[in-house]
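# Working through the structure, step by step
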Amino acid sequence: MSALDSSIICAFLEADGQPVSGDRLAKDLGVSRVAIWGRLEKLRAAGFIFTASPRKGYMLKEVPQILHPTLLDAHCRRAKFSLSIEYLESVDSTNSEAERQLANGKEAPFIVLAQSQTAGRGRLGRKWHSSDKGNIYLSLALRPFILPERLKPFTLWMGLAICRYVEDSLGIKLGLKWPNDILSPDGKKIAGILTEARLDADTVRDLIFGLGLNISPQQDFPTELKAIASSLTHITGSPLDVNSLTAGIIKNIYTSWEEFKEDRWAHLFKEYWARYDILTGKIVTIQLRGEPVTGVVEGIDEVGSLRIKTADGKTVLISSGEVTLRS
Ligand code: BTN
């Protein structure tokens, strides 16, 4: 990633479609006009479309539809946000890569972000389909040094944060299906969360928050996934800017983590839960110690365990598992 390219793109983003003078850019960035021209040519080759009009300057008309580290950096700068982001075109799994880097002593926090994954992982040993470019596959790597009990509501809090961000930025109301599924308004999976932790004595030493968010119109989904999965573009019906969305999501998840770590989340949780939870009042089945338990969801307890009322009137608390909604 070139800092000069990022400053150039930042200037175009600030201009919001208006012309940017090459002379002005050169002066502001302390380089020659020829240098600016050369960088614009390089950016054109990477998928940016600029038009030039005499006396007015250049206009940014189109940006790449896949992750582009310099464009992502420019969006983060505009959002006045900075975090170490490791960008990879392809990796086995961003969670596995984050885990390796933490184990090698890399300073946290940092983000591992990939355009595609060859062995994307889901919960309960499942695969996460990750060959489509234009989606978000990322991991936030942390060294929190907190007690493991404190982590219990973490994934729920982060899932709610993602629902809030998508609603605020795109006007799409997604739903959170306990504990880690984010669903479209018609009940298809849009995003999944894989939180992994490494304990050291009594504290959480390494914490990895992995997010897969479908943005592109899922043309590569295998048939069996098409029936149960969807994407943000599918809902909007028009292309979305993956780089701007990724920058927003990264800022949002990191800010939400800080709120969590500093205990600034509990007073907001109830309101967000009431807004995005899709299970309360529904009949579900869940496996408990290998046995299916069916009942009506009453909500969650203070640490985020699911409360299910079974046919015999008992309330069962479930701390992890896979919920199946009964129609
Ligand atoms: C699930 O719904 O089962 C969780 C899916 C989590 C997928 C993301 S994609 C980025 C990160 N890297 C992985 O290998 N998995 C998570």
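Residues numbered from 1 in each chain as written. Predicted model: local features only at pLDDT ≥ 70, side-chain atom pairs only at ≥ 80, totals over all residues. Heavy atoms only, no water.

## Some points on the site of the ligand
Taken together, 21 residues lie near the ligand, and Ser-93, Gln-117, Arg-121, Arg-123 and Lys-189 sit nearest. Within the side chain of Ser-93, one N or O atom sits 2.8 Å away from an oxygen atom of the ligand. In this structure, Arg-123 approaches the ligand through a main-chain N or O atom, which is 2.6 Å from an oxygen atom. Burial of the ligand by the protein chains amounts to 98% of its free accessible area of 410 Å². A per-element tally of the shell around the ligand places strand S8 (residues 189-200) first, with four residues. (Near = heavy atom within 4 Å. Polar contact = N/O pair within 3.5 Å; in protein donor to acceptor, adjacent residues only side chain to side chain. Areas by Shrake-Rupley, 256 points an atom, 1.4 Å probe, with all protein chains shown as cover. Helix = DSSP H or I, 4+ residues; strand = E, 2+ residues; numbered from the N terminus.)

## Examining the packing of helix H1 (residues 3-15) against helix H4 (residues 69-78)
Contact pair H1 / H4: the axes reach a minimum separation of 8 Å and the direction vectors enclose 60 degrees. Looking at the two axes, H1 sits oblique to H4. As for how H1 packs across H4, the hand of that crossing is right-handed. Contacts between H1 and H4 involve Ala-3, Asp-5, Ser-6, Ser-7, Ile-9, Cys-10, Leu-13 and Glu-14 from the first element and Thr-70, Leu-71, Asp-73, Ala-74, His-75, Arg-77 and Arg-78 from the second. (Axes fitted to C-alpha atoms, helices over the stretch in contact; angles between N-to-C directions. Parallel < 35°, antiparallel > 145°, perpendicular 65-115°, else oblique. Left-handed = near helix turned anticlockwise from the far one by under 90°. Contact = heavy atoms within 4.5 Å.)

## Focus on the packing of aromatic side chains
Aromatic ring pairs are defined here through the distance separating the ring centres and the angle between the ring planes. Per the counting criterion, the structure on display carries twelve aromatic pairs. A ring pair is formed by Phe-12 and Phe-50, whose centres lie 5.0 Å apart and whose planes are at 55 degrees; its orientation type is tilted. Note that Phe-12 is positioned in helix H1 and Phe-50 in strand S1 (residues 49-53), a separation of 38 residues in sequence. Both residues of the pair, Phe-12 and Phe-50, count as buried. Their ring planes at 90 degrees and their centres at 5.6 Å tell us that Phe-154 and Trp-257 sit as a pair that is edge-to-face. (Phe/Tyr/Trp six-rings, centres within 6.5 Å; stacked < 30°, edge-to-face > 60°. Buried < 20%, exposed > 50% of the residue type's maximum accessible area, 1.4 Å probe, protein only.)

## Some details on the sheet that holds strand S6 (residues 175-177)
Across a sheet, strands are paired by hydrogen bonds formed along the backbone, either parallel or antiparallel in direction. The mixed open sheet is built from seven strands, whose spatial order is S3-S4-S5-S9-S8-S7-S6. Strand pairing shows two members of the sheet lacking a second neighbour, strand S3 (85-91) and S6, which therefore form its edges. Averaged over all pairs of adjacent strands, the angle between their axes in this sheet comes to 20 degrees, without regard to strand direction. Looking at chain direction, strand S7 (residues 181-183) and S8 are connected through three bridges and run antiparallel. Bridge pairing in S8 places Leu-183 opposite Lys-189. Here helix H5 (residues 94-103) sits on the sheet and contacts S3, strand S4 (110-117), strand S5 (136-142), S8 and strand S9 (203-213); the angle it forms with S4, its principal contact strand, is near 145 degrees. (Pairing = 2+ DSSP bridges.)

## Some remarks on the domain arrangement of the chain
Partitioning the chain into structural domains gives domain 1 (3-62), domain 2 (69-276) and domain 3 (283-325). Each of domain 2 and domain 3 has a C-alpha centre, and the two are 25 Å apart. If you look at the interface, domain 2 gives eleven residues, while domain 3 gives twelve residues. Both sides together, the interface formed by domain 2 and domain 3 hides about 950 Å², and carbon and sulfur atoms give 63% of it. At the boundary of domain 2 with domain 3, the tally comes to two salt bridges. A salt bridge links Arg-126 to Glu-322, with the nearest nitrogen and oxygen atoms 3.3 Å apart. For the interface between domain 2 and domain 3, the tally reads four residue pairs in polar contact (both at pLDDT 80 or more). (Domains from an automatic or database assignment. Buried area = accessible area lost by both parts, 1.4 Å probe. Salt bridge = Lys/Arg side-chain N within 4 Å of Asp/Glu carboxyl O.)

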